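Remarks on the overall topology
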Amino acid sequence: MGDSQTWTAAPSAAEHARSVLAASWSCAVTAEGGREEFVGAHTVAEDGRVTLDVPEDSTLVAAAICAPRGEPSAVLEFADVAPVPVRSRIRARLWIAGWFVPVDGRLEFTTTRVVLRLPSGAVVVDLDEFAAAAPDPLATAEARLLTHLADCHPDAVERLTRLVDADSLHGAVRVQPLAVDRHGLTLRIERARAHGDVRLPFHAPADDVAQLTERMHVLLTQASAASCPRALQRQRTDRDG
């Protein structure tokens, strides 16, 4: 179930895909030899090319050597998992199809297709756009930032709900920070049997953590000046009673 809050300024599909790739620590590979999970084994070049450092006895090495050159023979899968415990923690999945070439004991991947799957549906990412895009500057720090916000500043999260339309908060039982990028903060609004996401855009993009801190202060100042949504007030009354 979605929410009516307007979604503004967000990363492009290529930027989102590159951000998932930059922040992912694990990778699942499906090839003719089967499916293998690798943790901390991949590196990413500036143009998005992936290289895997795998054990010599991995079935993936044999599959790469035997596969016909130039034909897609493997799919890499990366999961974008929300760092804060929420329902449906998988925010996106990234699939990259192509083939491996063994080079100096490592496997270099040639990409033929990139697909980003979001809750709203799957998007095929243009290969040139994918190669040219840069990850969001906050991508690798996002997990730490959101965890700190949820664990240490729940009062700030509650205050930010004043910027959310009352209709979007109807029936809410919990609100958690779901995602943050240079363009804005996304809140996950959980209800008894459903959930929805609302985006709070920044007044200007944040290119580093210092700028993010300033953007968050602006949002909190705006929230302090706003009235508390009636839906949230009712929740407080019910809880306190």
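These lines cover the structure that appears in this document, whether it is placed above or below. (Residues numbered from 1 in each chain as written. Predicted model: local features only at pLDDT ≥ 70, side-chain atom pairs only at ≥ 80, totals over all residues. Heavy atoms only, no water.)

Let us now look at the pairing of strand 1 (residues 26-31). Of the strand pairs in this sheet, strand 1 and strand 2 (residues 34-39) are connected by six bridges, and their pairing is antiparallel. In the sheet register, Ala31 faces strand 2, and the bridge partner there is Gly34. (Pairing = 2+ DSSP bridges. Helix = DSSP H or I, 4+ residues; strand = E, 2+ residues; numbered from the N terminus.)

Once that is clear, we can look at the packing of aromatic side chains. Each aromatic ring pair is described using two quantities: the centre-to-centre distance and the angle formed by the ring planes. Scanning the model with the defined rule gives one aromatic pair in all. The ring of Phe130 has Arg18 sitting right over it, with the charged end atom 5.6 Å from the ring centre. (Phe/Tyr/Trp six-rings, centres within 6.5 Å; stacked < 30°, edge-to-face > 60°. Lys NZ or Arg CZ within 6 Å of the ring centre and 35° of its normal.)

Topologically, Arg199 is positioned in strand 11 (residues 195-201). Within the local environment of Arg199, its side chain forms a polar contact with the side chain of Asp181, the two groups lying 2.7 Å apart. Looking at Arg199, its side chain comes within polar contact range of the side chain of Thr186, at 3.3 Å. (Polar contact = N/O pair within 3.5 Å; in protein donor to acceptor, adjacent residues only side chain to side chain.)

Sheet topology places strand 10 (residues 184-191) next to strand 11; seven bridges connect them, and they run antiparallel. Each residue of the ladder has a partner; that of Leu185, found in strand 11, is Leu200. Linking two consecutive strands that pair antiparallel, namely strand 10 and strand 11, is a turn of three residues.

Glancing now at the pattern of salt bridges. For the coordinates displayed, the defined rule picks out 11 salt bridges. Residue Arg91 is joined to Asp80 by a salt bridge in which the shortest nitrogen-to-oxygen separation is 2.7 Å. Here Arg91 is found in strand 6 (residues 90-103), whereas its partner Asp80 is found in strand 5 (residues 74-81), with 11 residues between them in sequence. For the residue pair Arg91 and Asp80, the accessibility class agrees, reading buried in each case. In this structure, Arg91 engages Glu142 in a salt bridge whose closest nitrogen and oxygen atoms are separated by 2.9 Å. In this pair, Arg91 sits in strand 6 while Glu142 sits in helix 4 (residues 142-152), placing the two residues 51 residues apart along the sequence. (Salt bridge = Lys/Arg side-chain N within 4 Å of Asp/Glu carboxyl O. Buried < 20%, exposed > 50% of the residue type's maximum accessible area, 1.4 Å probe, protein only.)

For the rest of this paragraph, the subject is the side chain of Arg91. Assessed through its relative accessible area of 11%, Arg91 is described here as buried. One polar contact links the side chain of Arg91 to the main-chain carbonyl oxygen of Leu178, over a distance of 2.7 Å. Setting aside residues no more than four positions away along its own chain, Arg91 makes contact with Asp80, Val81, Ala82, Pro83, Arg117, Leu118, Pro119, Glu142, Leu146, Leu178 and Ala179. (Contact = heavy atoms within 4.5 Å.)

Along helix 4, the positions that sit buried rather than exposed are Glu142, Leu145, Leu146, Leu149 and Ala150. Take helix 4 and look down its axis: the buried residues cluster within an arc of 120°, on one side only. Residues of helix 4 that are exposed and point over 90 degrees away from its buried face: Arg144 and Asp151. Elements in contact with the buried residues of helix 4: strand 6, helix 5 (154-160), strand 9 (172-181), strand 10 and helix 6 (209-225). (Arc of directions from axis to C-beta.)

With that settled, the discussion passes to unusual backbone geometry. Despite not being glycine, Ser88 has its phi angle at roughly 50°, a positive value. Position of Ser88 relative to the elements: it lies in the loop between strand 5 and strand 6. A relative accessible area of 48% means that Ser88 is categorised as partly exposed.

Time to look at the environment of His217. Mapped onto the elements, His217 comes out in helix 6. Measuring from C-alpha to C-alpha, the distance between His217 and Ala156 comes to 10.0 Å, with 61 residues separating the pair along the chain.

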